Amino acid sequence: PLEQLLALHEIALASMSHGLLLWNDSGRVELFNQRFVEMHGLSPAMVRAGMSVQELFAYSATVGNFPYITPEKAWRLLVERMAAGEPFSARNSFQNGSTVAAKCRPIPGGRWVGVYEDVTEQERLESALRLQAERTERAFTLMSHGLSMFDADERLIVANEQYYRIYGFDPAVVKPGV
């Protein structure tokens, strides 16, 4: 029965950890879930089926979701990407410090679906990891001692420049894996 199917549909949308936005070829919102609204810091009273995606962009800009681009430019980019008729991805950093990744693709009937994921924590972890790797690389390169590390099979994993100088090794010959 249709009523049960619609109820299940509503439960599925409400339970998703990702945001969802579906719009038609006229650029009108047809479907969205609460997670999309929350993720973008929007008021549920302001987002509605039937509004234009361009209006949604303009409203979204008022809450700081386009700090690096105008909503008009963002709209033009969306229209250009849609005109290509190919799936695309985007990543938006918001004024509140959060980052949302979007994956948009065409679906039958001239519609498009966007799936949105809050990647703020992932971005923070990746940034911290990059910083740690840079610091380690700097320390490794600038240290006055020779340093080498070998695995359980006694194969070289890594060595610094000082290690090669001390032993007179050629880095092209004595390299990781040897």
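Source: prediction; values computed, not measured. (Residues numbered from 1 in each chain as written. Predicted model: local features only at pLDDT ≥ 70, side-chain atom pairs only at ≥ 80, totals over all residues. Heavy atoms only, no water.)

Chemist: Account for the side chain of Thr-120, with residues named and values stated.
Modeler: Following the sequence through the fold, Thr-120 ends up in helix H5 (residues 120–142). Thr-120 has contacts with Gly-97, Ser-98 and Thr-99, leaving out every residue within four places of it along the chain. (Helix = DSSP H or I, 4+ residues; strand = E, 2+ residues; numbered from the N terminus. Contact = heavy atoms within 4.5 Å.)

Chemist: Describe a nonpolar patch on the surface, and please don't skip the residues or the numbers.
Modeler: Taken together, Leu-2, Leu-5 and Leu-6 make up a surface patch of nonpolar side chains, about 330 Å² in accessible area. Structurally, Leu-5 can be placed in helix H1 (residues 2–15). For Leu-5, a relative accessible area of 56% translates into the label exposed. (Patch = residues over 30% accessible without salt bridge, like charges linked within 9 Å, V, L, I, M, F, W, Y side chains within 5 Å. Areas by Shrake-Rupley, 256 points an atom, 1.4 Å probe, with all protein chains shown as cover. Salt bridge = Lys/Arg side-chain N within 4 Å of Asp/Glu carboxyl O. Buried < 20%, exposed > 50% of the residue type's maximum accessible area, 1.4 Å probe, protein only.)

Chemist: Explain the sheet that holds strand E3 (residues 88–93) residue by residue, including any values.
Modeler: Overall, antiparallel pairing links the five strands, which are arranged E2-E1-E5-E4-E3 in an open sheet. Unpaired on one side and paired on the other, strand E2 (29–32) and E3 mark the two borders of the sheet. Here the average twist between neighbouring strands, direction ignored, is 20°. Direction of pairing for E3 relative to strand E4 (residues 99–107): antiparallel, over a ladder of six bridges. Bridge pairing in E4 links Arg-91 to Ala-101. (Pairing = 2+ DSSP bridges. Axes fitted to C-alpha atoms, helices over the stretch in contact; angles between N-to-C directions.)

Chemist: Can you lay out the nonpolar core for me, pointing to particular residues and giving the numbers?
Modeler: Grouped together as the largest cluster of nonpolar side chains are 25 residues, with contacts concentrated most on Trp-23, Leu-56, Leu-78 and Tyr-116. Among the secondary structure elements, those contributing two or more residues to this core are strand E1 (19–23), helix H2 (34–39), helix H3 (53–62), helix H4 (71–84), E4 and strand E5 (111–118). Those residues within four positions of Leu-78 in sequence are excluded, and the remaining contacts are Trp-23, Val-53, Phe-57 and Phe-88. Ala-159, Tyr-163, Tyr-164 and Val-174 belong to the second-largest nonpolar core, a separate cluster that totals five residues. (Core = buried A, V, L, I, M, F, W, Y, C linked by side-chain atoms within 4.5 Å.)

Chemist: Hey, could you go over the pairing of E4 for me, with residue numbers and the actual values?
Modeler: Count of turn residues in the E3/E4 antiparallel hairpin: five residues, of which Gly-97 carries a positive phi of about 95°. Summarising the sheet, E4 and E5 pair through eight bridges and their orientation is antiparallel. Bridging across to E5, Ala-102 finds its partner in Tyr-116. In textbook terms, the turn of a hairpin is the stretch between consecutive antiparallel strands, and for E4 and E5 this stretch comprises three residues, one of which, Gly-109, has a positive phi near 90°.

Chemist: Outline unusual backbone geometry, listing residues and values.
Modeler: Negative phi characterises most residues that are not glycine, and trans characterises most peptide bonds. Even without a glycine there, the phi angle at Glu-154 is positive, about 60°. Take Glu-154: its relative accessible area is 67%, and that puts it in the exposed class.

Chemist: Quick one: what's the story with H3, residue by residue and with numbers?
Modeler: Where H3 is concerned, the buried positions are Val-53, Leu-56, Phe-57, Tyr-59 and Ser-60. The arc that holds the buried residues of H3, viewed along the axis, is 165°, so those residues lie on one side. Of the surrounding elements, those touching the buried residues of H3 are E1, E2, H2 and H4. Following H3 by one or two positions, Gly-64 adopts a phi angle in the positive range, close to 95°. (Arc of directions from axis to C-beta.)

Chemist: Please set out the layout of surface pockets residue by residue, giving values where relevant.
Modeler: Taken as a whole, the largest pocket encloses approximately 420 Å³ of empty space. Phe-57, Phe-66, Ala-74, Ala-90 and Asn-92 are the residues nearest the centre of the largest pocket, which is lined by 23 residues in total. For the lining of the largest pocket, the secondary structure elements donating two or more residues are E1, H3, H4, E3 and E4. In the lining of the largest pocket, the residues fall into 18 nonpolar, four polar and one charged. (1 Å grid on protein atoms, 1.4 Å probe; cavity = no way out; pocket = protein on both sides within 12 Å on 5 of 7 lines; lining within 4 Å. Points joined across faces, edges and corners; volume = space filled by probe spheres on them. Nonpolar A, V, L, I, M, F, W, Y, C, P; charged D, E, K, R; others polar.)

Chemist: Which residues make up H1, and what are the values?
Modeler: With 14 residues, H1 extends 20 Å from end C-alpha to end C-alpha; this agrees with the ideal 20 Å at 1.5 Å per step. With respect to burial, H1 is a largely exposed element, only one of its 14 residues being buried. (Expected span 1.5 Å × (residues − 1).)

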